[in-house]
Amino acid sequence: MAHPGESAVERTLGSLRAIDAVAPADASVVHPSARPSSPPRPGPGAPPGAPVATQDQPPRTLEDLYREHRMRFVRLAVLLVDDPATAEDVVQEAFTGLHRHWGRLRDEHAALGYLRTAVVNGSRSVLRRRRTAREYTPPHTADARSAESLAMLSAEHQAVVSALGKLPRRQREVLVLRYYGGLSEAEIAEATGISKGTVKSTASRGLEAIGKLVDGG
């Protein structure tokens, strides 16, 4: 449902979450020949079976979070790095880091917050490395989404996703986390390391930029 004052670009970005939600939670976005990912292996310190307690649910394990949230983070990372195989690597690294910090996290909310920040920072590292690579060629946008989701994208959605990939890094992060990730300004600020006021102004500039890119073809 549209909200008063919501622009066409905002409605289109927001609807991406619903489109991607149609794909199964464990659907792969990588090439079939790619080596499948697996949960981080046990190591010294807190074991992966250690609980993450919440007030309303039984204790959760690292395997629970991996199974339930991994593909959501992969799809989010794809929108940040434009490449499914790289997105898989970024998310796998984030879960590996979560395993190392498992004993310090108080609950599931804190664990998911850690993963969001790790995915954003991992994506930033990827983009920094690309800028220094002389012969890097970005993959075609169509390769950066699951077949299930892409098949349902209208021309309008594809135009907005294409424009999203042309934004400066910070604008792209804020819009992806806000509209695809469904995060609040406070959660985006935590994940990106900027203030809530900067989140709001960055989102506004990003939406304006996408509108101009889409209108200009």
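Data block above holds the structure.
Please read these numbers as outputs of a predicted model, since none were measured by experiment.

Q: Explain the overall build of the protein chain to me, please; I cannot follow it from the model alone.
A: Helix and strand counts for the protein chain stand at nine helices and zero strands. Reading the helices (α) and strands (β) of the protein chain from amino to carboxyl end gives α-α-α-α-α-α-α-α-α. The proportion of buried residues among the 217 residues of the protein chain is 43%. A fraction of 75% describes how many contacts in the protein chain between residues 6 or more apart in sequence connect residues 24 or more apart. Roughly 11,700 Å² of accessible area belongs to the protein chain as shown, and the carbon and sulfur atoms make up 53% of that amount.

Q: What am I meant to see in the side chain of threonine 86 here?
A: For threonine 86, the location among the structural elements is in helix 3 (residues 84-100). What makes threonine 86 buried here is its relative accessible area of 18%. At a separation of 2.5 Å, a polar atom in the side chain of threonine 86 contacts the side chain of aspartate 83. In contact with threonine 86, not counting residues within four places along its chain, are Val81, Val126 and Arg130.

Q: Honestly, the packing of helix 2 (residues 62-81) against helix 3 in this entry has me stumped. Any pointers?
A: Two numbers describe a pair of packed helices, the interaxial angle and the distance between the axes. Contact geometry of helix 2 with helix 3 gives a least axis separation of 8 Å together with a crossing angle of 140°. It follows from the interaxial angle that helix 2 and helix 3 lie oblique. Of the two possible hands of crossing, helix 2 and helix 3 adopt the one that is right-handed. Counting all contacts with helix 2, which are made through Leu62, Leu65, Tyr66, Arg70, Phe73, Val74, Ala77, Val78 and Val81, the residues of helix 3 involved are Pro84, Thr86, Ala87, Glu88, Val91, Gln92, Phe95, Leu98 and His99. Of the residues contributing to the contact of helix 2 with helix 3, the split by class is 13 nonpolar, three polar and two charged.

Q: Just checking my understanding: could you explain the packing of helix 2 against helix 4 (residues 108-132) for this structure?
A: Where helix 2 meets helix 4, the axes come as close as 10 Å, and the angle between the chain directions of the two elements is 30°. What the angle tells us is that helix 2 and helix 4 run roughly parallel. With respect to the hand of their crossing, helix 2 and helix 4 are arranged in right-handed fashion. Contacts from Leu65, His69, Phe73, Leu76, Ala77, Leu80 and Val81 in helix 2 reach Glu108, Ala111, Leu112, Leu115, Arg116, Val119, Ser123, Val126, Leu127 and Arg130 in helix 4. Classifying every residue of the contact of helix 2 with helix 4 gives twelve nonpolar, two polar and three charged.

Q: What is the right way to read empty space enclosed by the protein from this model?
A: Any empty space left between the atoms is revealed when a probe the size of a water molecule rolls over them. Summed over the entire model, instances satisfying the criterion amount to two cavities of 30 Å³ or more. Looking at the second largest cavity, its volume works out to about 30 Å³. Around the second largest cavity sit Leu80, Val120, Ser123, Leu127, Arg169, Arg172 and Glu173, which together line it. Listed by contribution, the elements that provide at least two residues to the lining of the second largest cavity are helix 4 and helix 7 (169-180). Across the lining of the second largest cavity, the residue classes break down as three nonpolar, one polar and three charged.

Conventions and cut-offs
- Residues numbered from 1 in each chain as written.
- Predicted model: local features only at pLDDT ≥ 70, side-chain atom pairs only at ≥ 80, totals over all residues.
- Heavy atoms only, no water.
- Helix = DSSP H or I, 4+ residues; strand = E, 2+ residues; numbered from the N terminus.
- Buried < 20%, exposed > 50% of the residue type's maximum accessible area, 1.4 Å probe, protein only.
- Contact = heavy atoms within 4.5 Å.
- Areas by Shrake-Rupley, 256 points an atom, 1.4 Å probe, with all protein chains shown as cover.
- Polar contact = N/O pair within 3.5 Å; in protein donor to acceptor, adjacent residues only side chain to side chain.
- Axes fitted to C-alpha atoms, helices over the stretch in contact; angles between N-to-C directions.
- Parallel < 35°, antiparallel > 145°, perpendicular 65-115°, else oblique.
- Left-handed = near helix turned anticlockwise from the far one by under 90°.
- Nonpolar A, V, L, I, M, F, W, Y, C, P; charged D, E, K, R; others polar.
- 1 Å grid on protein atoms, 1.4 Å probe; cavity = no way out; pocket = protein on both sides within 12 Å on 5 of 7 lines; lining within 4 Å.
- Points joined across faces, edges and corners; volume = space filled by probe spheres on them.

By themselves, these figures tell us nothing about what the structure is for.
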